[in-house]
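Read off the chains here:
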Amino acid sequence: MTRLELRGITKRFPGVIANQDISLKAEPGQVLALVGENGAGKTTLMNILYGLYQPDDGQILLDDKPVKFKGPGDAIAAGIGMVHQHFMLVPVFTVYENVILGVEPTGAAGVIKTKVARDEVIEISNRYGLAVDPDALVEDLPVGIRQRVEIIKVLLRGAQVLVFDEPTSVLTPQEVEEFFVIVKELRDAGKTIIFITHKLKEAISFSNQIVVLRGGQVVGSADPKTVSEEEVAAMMVGREVDLVVDKEVARVGEVKLRVRNLMVVDDYGRPLVDGVTFDLKGGEIVGVAGVQGNGQTELVEVITGLRQPAKGQVELLGVDVTFKSARERHALGMAHVPEDRQDMGMVGAFSVMENLILDSYYSPTFAGAITLKRQPIAKNAVDLVEQFDIRPPMPAVAASTLSGGNQQKMIVAREFSRDVPVIVCSQPTRGVDVGSIEYIHAQIVAKRDQGAAVLVVSTELDEVIALSDRILVMFQGRVVAERVTSETSPTELGLYMAGRTN
Amino acid sequence: MSTVKQAKVLTKGQRRRAQILGVIMLLLSVAVVWLFIPNAAGQATFGLSTPDEAIQLDPLVVPATGSLWFLAAVLAFLGGTQFFRGFQSKATIFLGVALLIFVAALLVWATAGKDFSLIGMLSSTIARCVPIALGALAGILCERSGVINIAIEGMLLGGAFVGVVVGSLVGGIGGLLAATASGAVLAWFLAFFAIRYRVDQIIVGIVINIFVLGLTSFLTAQVLVSRPDLNDAPILTAWQIPILGDIPIIGPTFFNQTWFVYATFILVALIAFGLFRTRWGLRTRSVGENPKAADTVGINVNRTRYIAVTLGGLVGGFAGAWFTIGTVGRFDENMTGGRGFIALAAMIFARWNPIGALAAATVFGFSDSLQQKLAVLQVPIPSEFLAMAPYLVTIVVVAGLVGRARAPAADGQPYVKE
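Everything numeric in this text was worked out from a predicted model, so none of it was measured.

Definitions and limits used
- Residues numbered from 1 in each chain as written.
- Chains lettered and ligands numbered in written order.
- Predicted model: local features only at pLDDT ≥ 70, side-chain atom pairs only at ≥ 80, totals over all residues.
- Heavy atoms only, no water.
- Helix = DSSP H or I, 4+ residues; strand = E, 2+ residues; numbered from the N terminus.
- Rg over C-alpha atoms; globule rule 2.2 N^0.38 Å.
- Buried < 20%, exposed > 50% of the residue type's maximum accessible area, 1.4 Å probe, protein only.
- Contact = heavy atoms within 4.5 Å.
- Areas by Shrake-Rupley, 256 points an atom, 1.4 Å probe, with all protein chains shown as cover.
- Lys, Arg positive; Asp, Glu negative; His and termini not counted.
- Charge placed at Lys NZ, Arg CZ, Asp CG, Glu CD.
- Salt bridge = Lys/Arg side-chain N within 4 Å of Asp/Glu carboxyl O.
- Domains from an automatic or database assignment.
- Polar contact = N/O pair within 3.5 Å; in protein donor to acceptor, adjacent residues only side chain to side chain.
- Nonpolar A, V, L, I, M, F, W, Y, C, P; charged D, E, K, R; others polar.
- Pairing = 2+ DSSP bridges.
- Right-handed = clockwise from strand over helix to strand, strands pointing away.
- Buried area = accessible area lost by both parts, 1.4 Å probe.
- Axes fitted to C-alpha atoms, helices over the stretch in contact; angles between N-to-C directions.
- Parallel < 35°, antiparallel > 145°, perpendicular 65-115°, else oblique.
- Left-handed = near helix turned anticlockwise from the far one by under 90°.

Our next topic: the overall build of chain B. When you go through chain B residue by residue, the secondary structure sums to 16 helices and five strands. For 418 residues, the compact-globule estimate of 2.2 N^0.38 gives 22 Å, and the C-alpha radius of gyration of chain B, at 23 Å, lies within 12% of that figure. Classification of the 418 residues of chain B by burial places 51% in the buried group. Counting contacts in chain B only where the partners sit at least 6 residues apart, residues at least 24 apart contribute 77% of the total. As presented, chain B carries roughly 19600 Å² of accessible surface, and 68% of it is formed by carbon and sulfur atoms. Counting 28 positive and 18 negative side-chain charges, chain B places the centres of these two groups 17 Å from one another.

Printed below as a string of structure tokens:
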């Protein structure tokens, strides 16, 4: 018996075919990984499966019977459960309140039977080894536990097919491991699991079958036991992809950025960055590894002038810039690719052209006495769009219409196009497709080879290892380890990230 | 993430705040000594029973000067302790205690050599908290579902007007029902523009307030002046609850009131229970916190909001009727005098919790009642300044004490399905 089958699903939107003749099958007790770049049609397909869209063509079969979903309600009733990438939880509610929302067990006059609700949560939690306290407030829970609350939610509604959208993108390495233990548990209980991901390593390690989407079509499926990451990546992108960053031995020059005993505290006086000291030299890439929330964000904010430290010093090219503004640092020679491109890196409603001069609109090149100079701005945009391969190559469109990867390329273009001695990149490839990752990494290495000092902060350990010449590991605001990349291993770094101290 | 337990060391900011609170308490003590004691002589007599009660309590008689010195000493002690040691997390509570003591001193000073019915003031405190508590409930119902309601003032004023006109025509109960319905109509307008057309909710609220003020003022001048029979509604009289109403002090304060007071208590309990114990409440709150989450589990976000806002309007209109049918039986231009905005402050002060709203409303009701009684006692403070008391309390409360109030996360944000 096939639990879930899609036959020839086609979905057209004005101007694009989002899904074309997609067929796939999933059995009970199977884990199916759906991989593909941004815009490959994964999300559309899942929305069809979840009843948010109706397919123009094709059929969905559950247990060999054709079904039609008019809305998510139908899909839920048929036993399909969706765990969204951005959790659909109410932070100020307790776990059990979130779980029962919409299917509340009630007595007379709609009074909620609290005990029944809590018992149900405890029962499911125990059966699948989820270990969630039904009375905890969701806002107090770490992300990994919130995800389990979502899982309990869909299980309570009787889901037989569980769909996860990018389930690991917000998890720490430990939480990822725990997540896949839960997935195994669910699989062994006979559930069908579909997870959408762009992390090929996870697809290969944890699934029974990999289905690759590109341009709205299934371009292949692979057996995770026999396939390599490179092969899947090539299927996704449609050409050979180099997952290893090529780089020559670093020619290290003099110190360009000096950070001394930096201390940042939160509003309650608790340390966020606790005595960080390091030097960044020309011609080298230094990576900062660490689980999200261990002070990396604050460290970057202090270095780039977005936050003032409680103590310590930042020296840029021999000048003390600790209390200088971001613009002064920019003028001295610092580029910054911020961690959240939507919030900090660009203005979505502005055109690509305008975004490309956000950091230098006031310079005489682009600004006259009163008005902006249209010609040089347009020329700058045309040049950079071409040079950095920003697609679509239309400088006048709003930046928000670009894909994540192209938005990031636009920011990199703006920051890298100047001749800057010091570059700070925070999460340079978060949420970016494989092709763009490859490109951005190459740009970072090129800058290094031109003699720039580059600081790369990333929560993706693989990325830090691939790029860096030297690695600092941060844990609870401190640098707990410093290693030369060639003399360390992911295992060693992972232990430091988890809090092991010397 | 592990949370690091902090040693009990106050940051500079916290220490400063503690010291400022201490200084405020000390200043209150100084004010008692300087302003009240030189002008207080004789005895202050506080009546504890109304004349028609079955059990009569002897009035409380205190020597003015002596008790003022005592109260000043207590204030000084509290202030000193707060300044040097700090009450830490309980500081706010002690500030409240200090303010209460100061008010007591004010009353002793004002009553020195005179008679003052303490019971009368308590009873009027409860009566005057009605429109504020109900107005806050109207706000809570809307905002818990994610629609900002600053149109409470308009709902009160509209309810007051409709209540008196219909009340004059068909009697008190009819007026009450019509006032309640009028609030629902205004609320429906708010919901319609806020939800259907996603107009900025603050602006819709302001428009409703201005519209109601303009319309009622116009109709008062054009119609009610020439037809005084339309501005003469029967007043709902106090109804004493048997047995409970005979208890000294508590009886006349709580159980010898109009139906408005009893309805307020019932509504507070009902809405608190509804919001926090029932399916309707859970869904309403979920829509106000994270409408998308509610939508994905099959809850109709906009319908839930329409219902909540309309219910809020019903409560708001009912509260408006208190101004006319519940007290004087006639309508005056802008007679709500900003009580709707005070209700808004009470709602925020109470962190969107019905029971807290009742408590906050009592504070405002007390200051309202206090200023009126002080005017009767003819204290040497201009009555205009006394009339400011409730608004001053509002500013102090909103600016000083609210601090960490957190509105429902989706408050004011229209929900757009993708």
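Back to the text.
Summing up its helical and strand segments, chain A has 17 helices and 20 strands in all. Taking 23 Å as the expected radius of gyration for a compact globule of 502 residues, we find that chain A reaches 25 Å, a close match to that expectation. Along the first, second and third principal axes, the C-alpha atoms of chain A reach 70 × 50 × 50 Å. Counting over 502 residues, chain A shows a buried share of 53%. Intrachain contacts of chain A at a sequence separation of at least 6 include 66% that bridge at least 24 residues. For chain A, the exposed surface amounts to about 21500 Å²; the carbon and sulfur share of it is 51%. Distance between charge centroids for chain A: 2 Å, based on 52 positive and 66 negative side chains.

Residue and element names in this part refer to chain A. According to the stated counting rule, one finds 33 salt bridges over all chains in the structure shown. In this structure, Asp56 and Arg12 form a salt bridge, with 4.0 Å as the shortest nitrogen-oxygen distance. Of the two residues, Asp56 is situated in the loop between helix H1 (42-49) and strand E4 (57-62) and Arg12 in strand E1 (residues 4-13); the sequence distance between them amounts to 44 residues. When its relative accessible area of 39% is taken as the criterion, Asp56 is described as partly exposed. Owing to a relative accessible area of 45%, Arg12 belongs among the partly exposed residues under this scheme.

With that out of the way, let us pick up the domain arrangement of chain B. Residue and element names in this part refer to chain B. Per the domain assignment, the segments of chain B are domain 1 (12-113) and domain 2 (124-401). On a C-alpha basis, the centres of domain 1 and domain 2 stand 31 Å from each other. At the junction of the two partners, domain 1 supplies 13 residues and domain 2 supplies 14 residues. Connecting domain 1 to domain 2 are zero salt bridges. Our enumeration of links across domain 1 and domain 2 arrives at zero residue pairs in polar contact (both at pLDDT 80 or more). It is helix H3 (residues 91-111) that contributes the most residues to the side of domain 1 that touches domain 2, eight residues altogether. Split into classes, the residues belonging to the side of domain 1 that touches domain 2 amount to nine nonpolar, two polar and two charged.

Residues and elements named next belong to chain A. Across the junction of Arg391 and Pro392, the peptide omega takes the value -5°, indicating a cis bond. Looking at the secondary structure, you find Pro392 in the loop between helix H13 (374-387) and helix H14 (404-416). Of note, Gln476 is a non-glycine position whose phi angle comes to about 50°, a positive value. Following the sequence through the fold, Gln476 ends up in the loop between strand E19 (470-475) and strand E20 (478-484).

As a further point, take the pairing of strand E7 (residues 161-165) of chain A. Residue and element names in this part refer to chain A. Counting buried residues along E7, five of its five residues qualify, which places the element largely inside the surrounding structure. On E7, burial covers both faces: Val161, Val163 and Asp165 on one face and Leu162 and Phe164 on the other are all buried. The sheet contact formed by strand E6 (residues 80-83) and E7 spans four bridges and is parallel. If you follow Ile80 over to E7, its bridge partner there is Val161. Note: E7 against strand E8 (residues 192-197), five bridges, orientation parallel. When the sheet's bridge partners are listed, Phe164 is paired in E8 with Phe195. As a crossover connection, the stretch from E7 through helix H6 (residues 173-188) into E8 is right-handed.

This part covers the domain arrangement of chain A. Splitting chain A by domain gives domain 1 (4-237), domain 2 (243-333 + 420-502) and domain 3 (342-419). In this structure, domain 1 of chain A and domain 3 of chain A have C-alpha centres spaced 37 Å apart.

Here the focus is the interface of chain B and chain A. Contacts between the two partners involve 22 residues from chain B and, on the opposite side, 28 residues from chain A. Across the chain B to chain A interface the summed buried area is about 2100 Å²; carbon plus sulfur atoms make up 61%. Where A:Glu97 meets B:Arg285, a salt bridge forms, and the shortest distance between an N and an O atom there is 3.6 Å. Viewed at the interface, chain A and chain B are joined by five residue pairs in polar contact (both at pLDDT 80 or more).

A separate point is the sheet that holds strand E2 (residues 16-26) of chain A. All names here are of chain A. With antiparallel pairing, four strands are arranged side by side in an open sheet as E2-E1-E4-E5. Two strands bound the open sheet, and with one partner strand each, they are E2 and strand E5 (65-67). The mean angle between the axes of side-by-side strands here comes to 30°, regardless of whether they run parallel or antiparallel. As judged from the seven bridges shared by E1 and E2, these two strands associate in the antiparallel manner. Bridge pairing links Phe13 to Val16 in E2. Across the sheet, H1 is in contact with E1, E2 and E4; its angle to E1 comes to roughly 115°.

All names here are of chain A. What the six strands build is an open sheet, ordered E6-E7-E8-E3-E9-E10; its pairing is mixed. Two strands bound the open sheet, and with one partner strand each, they are E6 and strand E10 (217-222). On average, each strand axis in the sheet is tilted by 20° relative to the strand beside it, whichever way the strands run. Sheet strands in contact with helix H5 (residues 143-156) are E6 and E7, and its direction is about 165° off that of E6.

This paragraph deals with the packing of helix H13 (residues 339-349) of chain B against helix H14 (residues 354-376) of chain B. Residue and element names in this part refer to chain B. Between H13 and H14, whose axes approach to 8 Å, the crossing angle comes to 135°. The angle between H13 and H14 places the two elements in the oblique class. Handedness of the crossing formed by H13 with H14: right-handed. Of the residues in H14, those in contact with Arg339, Ile342, Ala345, Ala346 and Phe349 of H13 are Ala357, Ala360, Ala361, Phe364 and Asp368. In the contact of H13 with H14, the residues fall into eight nonpolar, no polar and two charged.

With that settled, the discussion passes to the side chain of A:Thr429. All names here are of chain A. With respect to the element layout, Thr429 can be found in the loop between strand E17 (422-426) and helix H15 (434-449). Of note is the side chain of Thr429, whose polar atom sits 2.5 Å from the side chain of Glu463. Thr429 has contacts with Ile437, Ile440, His441 and Glu463, leaving out every residue within four places of it along the chain.

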